[in-house]
Amino acid sequence: MRTKTILLVDDEVDFSRLLKLNIEDSKEYKALTANDWQTALALVEQHHPDLVLLDMMMPGMTGIELLGRIKKLAPEIPVAMITAVWNEQEAKRAFDAGAYEYITKPVDFEYLRTALLVKLL
Ligand SMILES: [Mg+2]
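Now for a quick tour of the structure. All values derive from a computational prediction rather than experimental measurement.

Considering unusual backbone geometry
Between K105 and the following residue, P106, the backbone shows a cis peptide bond with an omega angle of -5°. Looking at the secondary structure, you find P106 in the loop between β5 (101-104) and α5 (109-120). Within the chain, H48 stands out as a residue other than glycine whose phi angle is a positive 40°.

Structure (C-alpha cells):
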C-alpha cells in the first residue's frame, strides 16, 4: 500500500513539528509541514496530499479562507480544521466551507489517528 501523505498547516512551528512526529510514528503516513499559507498552497499543488490538517488561526489569511483556496485547487482532498478555541460559529463556517472535521488543541493524538484512518481507508 502506498504511504499516505498528510499536510500539516500551522504557524506554530513547535506544534507542527510535534504533530509531524506523532503522525509519522505509526510509519503509515508521511507528513509535510507548512507554517504559512503560501507554503501550504504550494505543497498542495506540488504534492497533492491525501489529507490536510489546517490551523484556524494563521497570519495573513484565516483558516477558513485558506480552506476555500485549497478546496478550489483540489476539492477532493479532505481537510480537517484545528483550532485553539472552540467556537460554534467558526465550526459551522468550517463545515460549510467543506471541512470534514473541526478539532481543538491540545490535540488528542489517539483521536486524531482514528479520525485520520477513517478518512484515509
Ligand atoms: Mg495558529
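Re the environment of A40
Here A40 lies in helix α2 (residues 37-47). When the 26 C-beta atoms within 10 Å are taken as the criterion, A40 is described as buried. A40 sits 58 residues away from G98 along the chain, and the two C-alpha atoms are 17 Å apart. Setting aside chain neighbours within four positions, we find A40 in contact with L7, V9, A34 and L66.

Criteria and thresholds
Just so you know, the residues in each chain are numbered from 1, in the order the chain's sequence is written. Confidence filtering applies because this is a predicted model: local features only for residues at pLDDT of at least 70, side-chain atom pairs given and counted only at 80 or more, and all residues used for totals across whole chains, interfaces and linings. By the criteria applied, helices consist of DSSP H or I runs no shorter than four residues and strands consist of E runs no shorter than two, each listed in order from the N terminus. Any residue surrounded by 20 or more other C-beta atoms within 10 Å of its C-beta is treated as buried, while 12 or fewer makes it exposed and the intermediate range makes it partly exposed; C-beta atoms here are placed from the backbone. Placing C-beta atoms from the backbone, we regard two residues as in contact once those atoms come within 7 Å.

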